[in-house]
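Here is how the chains run, residue by residue.
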Amino acid sequence: MTDFRHMHGAVYIFENIKAQRIKIGMTINSTSKIKDRLKDVNNIWTGYKGMCQICGTRRFINEKELMPKHMVNGKNCTGENSLPIERDTTLSESHLAEIKEFYCSLSGSEKGSLTRIINNLENRIKKYRKKIIPIGTWTLSVVYYTDCAEEVELLSHKLLNKRLDRGAPLGEIFNCSVSTASLTVETVLKQQGLLDMASKKIYS
C-alpha cells in the first residue's frame, strides 16, 4: 500500500430505495463534495447526463436529448448530435468496426495504441446494448469519516463484488441493502484497525 492512501476522508453510502441498490464512494474533501457527487449520480442515473458513443465522456444532453457539441484532442467529436450510448449503440458499433478495420491494416507495435481503445469501446457497447431503464433516485444514507478512506472504499467494493450490478449505467452499484453495505464498511474498518477511530453519520 502506498502512503498517499493514508488520508482522512469520507466513505459514503448512497441508496436508491425504488431500485433496491446502493453505491459506496469516497472523497477526501468536504461534505459538500458528497452532495455534489450525489447530484451528479442522479443526473447520470436519470438521463440528464449521457455518455458519448464515440469518446465516452459524460455531458449534459441538449434540449433534443442528444449529445452537445464537444471537442476531443482539439477536434469536434463525431459523437455530437447523436443519442448517448445509454439510449443507442448504433454509432459506437459503426465506429468500432472502422477502428478494427484500420487496426487490421497495421502491424507489430503499431497495433498497441489501439488495443486499449478497442477493448474499452467493446466493453461500453456490451454494457449499454441492454438499454436498461433506471428507476428511482438516489439519497445520501450513511457517511463514515475515517483515515485511509480510499482503501476502505476499495476493500468494501471487493467484499461486495458478488453483488455488483454490472448492468447499471454507472460503476460500483450494488444489489444489497444499506444495512449490508454499512456492515461491509464496518467490517473493513475493523479489519484495518480503524473502527474505533472512525465516526459515523446517518442521514436516512
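The residue numbering used here restarts from 1 in each chain and proceeds along that chain's sequence as written. Totals for whole chains, interfaces and linings use all residues, but because this is a predicted model, local features are given only for residues with pLDDT of at least 70 and pairs of side-chain atoms are given and counted only at 80 or more. Values shown for side chains rest on all heavy atoms present in the structure; no hydrogens or waters enter the calculation.

Q: Could you give an account of the pattern of salt bridges, with specific residues and numbers?
A: Note on definitions: salt bridges are taken to be side-chain nitrogens of Lys or Arg within 4 Å of carboxyl oxygens of Asp or Glu. Summed over all chains, the structure comprises 8 salt bridges. The partner of D40 in a salt bridge is R37, with the nearest N and O atoms 3.0 Å apart. Of this pair, D40 and R37 are both found in helix α1 (residues 31–45), 3 residues apart, which corresponds to roughly one turn of the helix. When a residue's accessible area, from a 1.4 Å probe over protein chains only, is under 20% of the maximum for its type it is buried; when over 50% it is exposed; and in between it is partly exposed. When its relative accessible area of 28% is taken as the criterion, R37 is described as partly exposed. Each helix is a run of DSSP H or I of at least 4 residues and each strand a run of E of at least 2, with the numbering of both proceeding from the N terminus.

Q: With reference to specific residues and values, describe the environment of T139.
A: Mapped onto the elements of the fold, T139 is located in strand β7 (residues 139–146). Here T139 falls in the partly exposed class, since its relative accessible area comes to 36%. Expressed as a C-alpha distance, the spacing of T139 and S113, which sit 26 residues apart in the sequence, is 40 Å.

Q: If you had to explain the sheet that holds strand β8 (residues 173–174) to someone new, which residues and values would you point to?
A: Overall, antiparallel pairing links the 5 strands, which are arranged β8-β2-β1-β7-β9 in an open sheet. At either margin of the open sheet sits one strand with a lone partner, and together these are β8 and β9 (199–202). Pairs of strands are assigned from DSSP output, requiring at least two bridges between the strands. For strand β1 (residues 9–16) and strand β2 (residues 21–27), the ladder comprises 7 bridges, and the chain directions are antiparallel. Bridge pairing links Y12 to G25 in β2. Here, residues are in contact when the closest pair of their heavy atoms is within 4.5 Å. Note on geometry: axes are C-alpha line fits, over the in-contact stretch for helices, and angles between N-to-C directions span 0 to 180 degrees. Running at roughly 35° to β1, α1 makes contact with β1, β2 and β7 of the sheet.

Q: Pulling in residues and values, what's your account of the packing of aromatic side chains?
A: Working definition: an aromatic ring pair is given by the centre-to-centre distance plus the angle between the planes. Only Phe, Tyr and Trp rings take part, Trp by its six-membered ring, and two of them pair if their centres are within 6.5 Å. Stacked means planes under 30 degrees apart, edge-to-face means over 60, and tilted covers everything else. Scanning the entire structure with this criterion turns up 2 aromatic pairs. Their ring planes at 90° and their centres at 5.3 Å tell us that W45 and W138 sit as a pair that is edge-to-face. Of the two residues, W45 is situated in helix α1 and W138 in the loop between α3 (112–128) and β7; the sequence distance between them amounts to 93 residues. Grouping residues by exposure puts W45 and W138 together as buried.

Q: Account for the pairing of β1, with residues named and values stated.
A: Burial runs high along β1: 8 of the 8 residues are buried. Burial along β1 is two-sided: the residues G9, V11, I13 and E15 and A10, Y12, F14 and N16 are all buried. What sits between the antiparallel neighbours β1 and β2 is a turn of 4 residues, in which Q20 has the positive phi angle 55°.

Q: Go over the layout of surface pockets, please, and point to the residues and values.
A: The method works on a 1 Å grid over the protein atoms by themselves. A cavity is a set of points holding a 1.4 Å probe that cannot get out, a pocket is an open set with protein on both sides within 12 Å along at least five of seven lines, and residues with an atom within 4 Å of a point line them. Grid points are joined across faces, edges and corners, and a volume is the space filled by probe spheres set on the points. Approximately 430 Å³ is the volume attributed to the largest pocket. Along its surface, the largest pocket is lined by 16 residues, and I54, C55, V72, N73 and H95 are the ones closest to its centre. Tallying contributions element by element places α3 first for the lining of the largest pocket, with 6 residues. Across the lining of the largest pocket, the residue classes break down as 8 nonpolar, 5 polar and 3 charged. The volume enclosed by the second largest pocket comes to roughly 280 Å³. Along its surface, the second largest pocket is lined by 19 residues, and E86, I132, I133, P134 and P169 are the ones closest to its centre. Going through the elements one at a time, α1, β3 (49–51) and α3 are the ones with two or more residues in the lining of the second largest pocket. Amino acids are sorted into nonpolar (Ala, Val, Leu, Ile, Met, Phe, Trp, Tyr, Cys and Pro), charged (Asp, Glu, Lys and Arg) and polar (every other residue, Gly among them). Residues belonging to the lining of the second largest pocket are distributed by class as follows: 9 nonpolar, 4 polar and 6 charged.

Q: Explain the side chain of S182 to me, and be specific about the residues and the numbers.
A: With respect to the element layout, S182 can be found in helix α5 (residues 178–191). According to the relative accessible area criterion, S182 is buried, its value standing at 8%.

Q: Quick one: what's the story with the packing of helix α4 (residues 149–159) against α5, residue by residue and with numbers?
A: Running from amino to carboxyl end, α4 crosses α5 at an angle of 120°, the nearest separation of the two axes being 9 Å. Here α5 runs oblique to α4, going by the angle between their axes. Considering only the axes of α4 and α5, their crossing is right-handed. Residues V152, L155, S156 and L159 of α4 touch α5, and the partners they reach there are T184, V185, T187, V188 and L189. Of the residues assigned to the contact of α4 with α5, the class counts are 6 nonpolar, 3 polar and no charged. Angles are sorted into four bins: roughly parallel if under 35 degrees, roughly antiparallel if over 145, roughly perpendicular if 65 to 115, and oblique for all others. A clockwise turn of the near helix away from the far one marks a right-handed crossing, whereas an anticlockwise turn of less than a right angle marks a left-handed crossing.

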